[in-house]
Amino acid sequence: MTWQNDTLRTGQNLNELALTPSAVKSGSFGRLCSAPLDGQVYAQPLIVTDVKIGSTSYPNGVAYVVTQNGTLYAIDGTNCNVLNGSGQGTSLLNGGYPVDCNYIGGGKSSCTNTIGPFISILGTPVINISGGKGTIYMVVETQDKKAPMVPGNWYHYLHAVDIQKFTEVQPVRIYPSYYQSNPSLFSLQHSQRPGLLYANGYV
């Protein structure tokens, strides 16, 4: 489960059963509910049907939504209740802070022309479903001091979170070999934009 539904980014859903021309009518189709979030959403929400969290099944699906404040939300597809983090979502900042966009990609123009005021989870995650269980992978960008203080370092980490228990493995720091002498500079100069893919056991 990824951006635009498949690895070719076609956006098609060949298994759609509910949304048919006869079922979608102007008087009955529209927003059913909403949920409060802690930041802006740029990544595509990913929906998993028939997922079970704890002892409860969610036949209408759970929407997994990530924010620019570094938070993962699991939202009930029936009533929009937040199912994780005691209703507050699961923070993936790991003691850091979302990145002040004034510092990223050339300074203040990043805030006014692209994304702001914070950047954390920008690219769409990917969910690997296997044996009735699933793991959501996402890239989280952080800084080590709270804005507007000048941060000392910036970081990109790949996170892997169980979509039922919301536990995660140890995050993996990301930086190309070119930046090994100064990995913080990589995270200062770059934001992870494309939707992730999972193929052959690799993200």
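Residues numbered from 1 in each chain as written. Predicted model: local features only at pLDDT ≥ 70, side-chain atom pairs only at ≥ 80, totals over all residues. Heavy atoms only, no water.

So, the overall build of the protein chain
In plain terms, the rule: Helix and strand labels come from DSSP, where a helix needs a run of H or I of at least four residues and a strand needs a run of E of at least two; each type is numbered from the N terminus. Only protein chains enter the accessibility calculation, which uses a 1.4 Å probe; a residue whose area is less than 20% of its type maximum is buried, one above 50% is exposed, and one in between is partly exposed. Contacts: residue pairs with any heavy atoms within 4.5 Å of one another.
Along the protein chain, the regular secondary structure elements total 2 helices and 12 strands. Secondary structure elements of the protein chain occur, N-terminal to C-terminal, as β-β-β-β-β-β-β-α-β-β-β-β-β-α. Here the protein chain holds 203 residues, and 39% of them are scored as buried. Partitioning the intrachain contacts of the protein chain with sequence separation of at least 6 by distance along the chain shows that 53% fall at a separation of at least 24.

A few points about the side chain of Gln-68
Operational definition: Distance and chemistry together define a polar contact, namely a pair of N or O atoms within 3.5 Å, with one atom able to donate a hydrogen and the other to accept it when in protein, and with adjacent residues in sequence counting only for side-chain atoms on both sides.
Considering the arrangement of structural elements, one finds Gln-68 in the loop between β4 (62–66) and β5 (71–76). Of note is the side chain of Gln-68, whose polar atom sits 3.4 Å from the backbone nitrogen of Ile-121. If we ignore the near neighbours within four places in the chain, the residues touching Gln-68 are Gln-40, Tyr-42, Pro-98, Ile-115, Phe-118, Ile-119, Ser-120, Ile-121 and Leu-122.

Structural notes on the sheet that holds strand β1 (residues 46–48)
The following threshold applies: When DSSP locates at least two bridges between a pair of strands, those strands are taken to pair.
Spatially, β1-β4-β5-β6 is the arrangement adopted by the 4 strands of the open sheet, whose pairing is antiparallel. The outermost strands of the open sheet, each flanked by one partner alone, are β1 and β6 (90–91). Pairing of β5 with β6 involves 2 bridges; the strand directions are antiparallel. Its bridge partner lying in β6, Leu-72 is registered against Thr-90.

A closer look at the nonpolar core
Inclusion rule: To define a nonpolar core, start from buried Ala, Val, Leu, Ile, Met, Phe, Trp, Tyr and Cys residues and group those joined through side-chain atoms within 4.5 Å.
Grouped together as the largest cluster of nonpolar side chains are 20 residues, with contacts concentrated most on Tyr-64, Leu-72, Ile-136 and Met-138. Of all elements in the fold, only β1, β2 (51–53), β4, β5 and β10 (133–143) reach the threshold of two or more residues within this core. Not counting residues within four places of it along the chain, the set of residues in contact with Ile-136 comprises Tyr-64, Leu-72, Pro-125, Val-126, Ile-127, His-159, Ala-160, Val-161 and Ile-163. The next biggest cluster of nonpolar side chains, apart from the first, holds 8 residues, and it includes Cys-101, Ile-119, Leu-122 and Leu-188.

Side note on a nonpolar patch on the surface
Inclusion rule: The residues that make up patches have over 30% relative accessible area and no salt bridge, and they are joined within 9 Å when like-charged or within 5 Å when they are Val, Leu, Ile, Met, Phe, Trp or Tyr. Here the Shrake-Rupley method, with its probe set to 1.4 Å, supplies the accessible areas, and only the displayed protein chains count as covering residues. Any carboxyl oxygen of Asp or Glu that lies within 4 Å of a side-chain nitrogen of Lys or Arg is treated as forming a salt bridge with it.
On the surface, a cluster of nonpolar side chains totalling about 290 Å² of accessible area is made up of Leu-19, Val-24 and Phe-29. Within the secondary structure, Leu-19 sits in the segment before β1.

Regarding the environment of Pro-176
As for its position among the elements, Pro-176 is in the loop between β12 (172–173) and α2 (183–189). Assessed through its relative accessible area of 35%, Pro-176 is described here as partly exposed. Between the C-alpha atoms of Pro-176 and Val-82, which are 94 residues apart in sequence, the distance is 36 Å.

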